[in-house]
Amino acid sequence: MPSGIAHEVFLNAFERLASFEPWEHNLTRRLLDGYKAAIATVDTNGDGIISAAEGDVDTANSNCPTGDNSCIFLSPRSFIASP
């Protein structure tokens, strides 16, 4: 799973309590629904799986602000611990 997708799932399940399915209080359901929502931004054929072609960073994607799939990957600098 691309790092940006995993980050979105985390945010949907644990951080966006008021904006992502605020009525859902079951953590398992929030994780599954968050996963489905994050995958849907890249999954062009709707099979629930990001294929190599769908997940390629250079593939055009109108759901990403940059117009390509770079938004589904976290930048390497995001892993640097702050002092």
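As a starting point, this report considers the structure included with it. These numbers come from a predicted model, not from an experiment.

1. Structural notes on the overall build of the protein chain
Right, on to step 1. Counting its regular elements, the protein chain contains three helices and zero strands.
Right, on to step 2. Secondary structure of the protein chain in N-to-C order comes out as α-α-α.
Right, on to step 3. Judged by the C-alpha coordinates and their principal axes, the protein chain covers about 40 × 35 × 20 Å.
Right, on to step 4. Relative to its full complement of 83 residues, the protein chain shows a buried share of 28%.
Right, on to step 5. In the protein chain, the proportion of contacts linking residues at least 24 apart, taken out of those at least 6 apart, comes to 31%.
Right, on to step 6. When the accessible surface of the protein chain is split by element, carbon and sulfur atoms take 60% of a total near 5,600 Å².
Right, on to step 7. Measuring between centres, the 5 positive side-chain charges of the protein chain sit 9 Å from its 11 negative side-chain charges.

2. A word on the packing of helix α1 (residues 3-15) against helix α2 (residues 27-40)
Each pair of packed helices can be summarised by the angle the axes make with each other and by the distance between the axes.
Right, on to step 1. At their nearest, the axes of α1 and α2 sit 8 Å apart, and the two run at 140° to each other. The pairing of α1 with α2 is recorded here as oblique in orientation. Remark: the crossing between α1 and α2 carries right-handed chirality. For the pair formed by α1 and α2, the contact residues are Ile5, Glu8, Val9, Asn12, Ala13 and Phe14 on the first element and Leu27, Arg30, Leu31, Gly34, Tyr35, Ala37, Ala38 and Ile39 on the second.
Right, on to step 2. For the contact of α1 with α2, a count of residues per class yields 10 nonpolar, two polar and two charged.

3. Examining the environment of Gly67
Right, on to step 1. Tracing the sequence through the fold places Gly67 in the segment after α3 (52-55).
Right, on to step 2. Taking the relative accessible area as the measure of exposure, Gly67 reaches 37% and is therefore partly exposed.
Right, on to step 3. Non-local contacts of Gly67, meaning those with residues more than four positions away in its chain, are made with Thr59, Ala60 and Asn61.

4. Concerning the side chain of Asn69
Right, on to step 1. Relative to the helices and strands, Asn69 resides in the segment after α3.
Right, on to step 2. The buried category is assigned to Asn69, whose relative accessible area is 1%.
Right, on to step 3. One polar contact links the side chain of Asn69 to the main-chain carbonyl oxygen of Asp56, over a distance of 3.1 Å.
Right, on to step 4. Residue contacts for Asn69: discarding those within four places in its chain leaves Val42, Glu54, Gly55, Asp56, Val57, Thr59, Asn61 and Cys64.

What counts, and where the lines are drawn
- Residues numbered from 1 in each chain as written.
- Predicted model: local features only at pLDDT ≥ 70, side-chain atom pairs only at ≥ 80, totals over all residues.
- Heavy atoms only, no water.
- Helix = DSSP H or I, 4+ residues; strand = E, 2+ residues; numbered from the N terminus.
- Buried < 20%, exposed > 50% of the residue type's maximum accessible area, 1.4 Å probe, protein only.
- Contact = heavy atoms within 4.5 Å.
- Areas by Shrake-Rupley, 256 points an atom, 1.4 Å probe, with all protein chains shown as cover.
- Lys, Arg positive; Asp, Glu negative; His and termini not counted.
- Charge placed at Lys NZ, Arg CZ, Asp CG, Glu CD.
- Axes fitted to C-alpha atoms, helices over the stretch in contact; angles between N-to-C directions.
- Parallel < 35°, antiparallel > 145°, perpendicular 65-115°, else oblique.
- Left-handed = near helix turned anticlockwise from the far one by under 90°.
- Nonpolar A, V, L, I, M, F, W, Y, C, P; charged D, E, K, R; others polar.
- Polar contact = N/O pair within 3.5 Å; in protein donor to acceptor, adjacent residues only side chain to side chain.

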